[in-house]
Amino acid sequence: MRRVNMKTNTKLTKKDLFRANWRWLWASQLSWNYEKMMAPGYFYTVLPFLKKFYKNDELVDMMKMHSQFFNTNAFTGPFIIGMDLAIEEHQGYKAKETIAGIKTGLMGPLAGVGDTIFGVIIPTICGSIGAYMGLKGNALGAIIWLLVNIFILFARFAILPMGYYQGEKLINSAEGKLNAVTDSAILLGVTVVGALIPTVIKANVPFVFSAGKVTLKLQTVLNQIMPSLIPVLLVAFVYWLLGRKKMTSTKVILFVLFLGIALSYFHILGA
């Protein structure tokens, strides 16, 4: 019978938080892949702390959970890691579903914030100034651009502790209400994932029925029943496939790719 720890009895230090920051700095994008995105980097970042918090079956379960799909902006990702470490430090294995929900729920919004600030605003403003000065023959433009990137590199080290202390506040304010926090986190995660289906997956039925002067598009009928019905059914089908024995993510990707080509060739589905 599996023993469930309520708390880990392990207190993280500033040195631990710096270590997590350092590991994320190197691993966040270095191990990026199309199957699980930044999950390997996230797993590498928290692995030393998982070994501190858990033993035996609990450790294996948490390692599997942290190996699941994860993708956000590399600069804002440490905020999620900080909250994760704070909650696991205080609640241990009991917070497994809460952590999964928080990761799923926050990675999308924080990706948008990070991409806007660190991917658009700062490079556009500072890069334009540096490039303009460089075109005018002023070497200070290149130095400014270099200094801005160095500043961002070190400034991101403050984001993980910020998330850690916010996680502590969440635990202190929600003591005895972990189930409610868990349910809220899971609901947020499911909502985010559900919203991605109609915005990311494009699949339409091109079949058109004609009788005399009457023309009926099957996709229009389906939209009246439920918009994005086909994408939802496709996602449900993929989830069903993943639950089958001996069915891996790679096999599912190849199967969906082959199925998409076949259905498109026979004009059954289109983008």
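Residues numbered from 1 in each chain as written. Predicted model: local features only at pLDDT ≥ 70, side-chain atom pairs only at ≥ 80, totals over all residues. Heavy atoms only, no water.

Trainee: Just give me the short version of the overall build of the chain, but keep the residues and values in it.
Mentor: When helices and strands are tallied, the chain shows 11 helices and two strands. Element order for the chain, N to C, with α for helix and β for strand: α-α-α-α-α-α-α-α-β-β-α-α-α. Relative to its 271 residues, the chain shows a buried fraction of 36%. About 16500 Å² of surface is accessible on the chain, with carbon and sulfur atoms providing 69% of the total. (Helix = DSSP H or I, 4+ residues; strand = E, 2+ residues; numbered from the N terminus. Buried < 20%, exposed > 50% of the residue type's maximum accessible area, 1.4 Å probe, protein only. Areas by Shrake-Rupley, 256 points an atom, 1.4 Å probe, with all protein chains shown as cover.)

Trainee: Which residues make up helix 2 (residues 39-53), and what values go with them?
Mentor: Look at helix 2: 20 Å from first C-alpha to last across 15 residues, which is about the 21 Å you get at 1.5 Å a residue. Along its length, helix 2 shows its largest kink, about 45 degrees, at Leu47, and proline Pro48 lies within four residues downstream of that point. Those residues of helix 2 lying buried are Ala39, Gly41, Tyr42, Phe43, Thr45, Val46, Leu47, Pro48, Phe49, Leu50 and Phe53. (Expected span 1.5 Å × (residues − 1). Bend = angle between axes of the 7 residues up to and from the residue.)

Trainee: Describe the environment of Trp145, and please don't skip the residues or the numbers.
Mentor: Assignment of secondary structure puts Trp145 in helix 6 (residues 140-155). For the pair formed by Trp145 and Ser128, sequence separation is 17 residues and the distance between their alpha carbons is 9.3 Å. Dropping the residues within four chain positions of it, Trp145 is found in contact with Ile122, Pro123, Cys126 and Gly127. (Contact = heavy atoms within 4.5 Å.)

Trainee: Describe in detail the UniProt feature "transmembrane region" (unreviewed entry) in the chain, supporting the description with residues and values.
Mentor: The UniProt record annotates "transmembrane region" (unreviewed entry) at residues 110-133, 139-159, 180-201, 221-240 and 252-270. In residues 139-159, helix accounts for 81% and strand for 0%; the two terminal C-alpha atoms are 32 Å from one another. (UniProt positions renumbered as here; feature names shortened; annotations may be inferred.)

Trainee: So what's going on with the pattern of salt bridges? Residues and values would help.
Mentor: Pairs can form between side chains of opposite charge once their charged atoms are near each other. In the structure shown here, the tally under the stated rule is one salt bridge. Of the charged contacts, one joins Lys52 and Asp16 as a salt bridge, the two residues approaching to 3.2 Å between their closest N and O atoms. With Lys52 in helix 2 and Asp16 in helix 1 (residues 14-27), this residue pair connects regions lying 36 residues apart in the sequence. (Salt bridge = Lys/Arg side-chain N within 4 Å of Asp/Glu carboxyl O.)

Trainee: How would you sum up the packing of aromatic side chains? Please name residues and give values.
Mentor: Two measures describe an aromatic ring pair: the distance that separates the ring centres and the angle between the ring planes. This structure, assessed with the given rule, holds 11 aromatic pairs. The interplanar angle of 85 degrees and the centroid separation of 6.0 Å between the aromatic rings of Phe53 and Tyr54 together place this pair among those described as edge-to-face. No difference in accessibility class separates Phe53 from Tyr54, as the two residues are buried. Aromatic ring contacts, followed pair by pair, group Phe18, Trp22, Trp26 and Phe157 into a single cluster. We note Lys103 situated over the ring of Tyr42; from NZ or CZ to the ring centre the distance is 4.0 Å. Sitting above the plane of the Phe75 ring, Arg156 keeps its charged end 4.7 Å from the centroid. (Phe/Tyr/Trp six-rings, centres within 6.5 Å; stacked < 30°, edge-to-face > 60°. Lys NZ or Arg CZ within 6 Å of the ring centre and 35° of its normal.)

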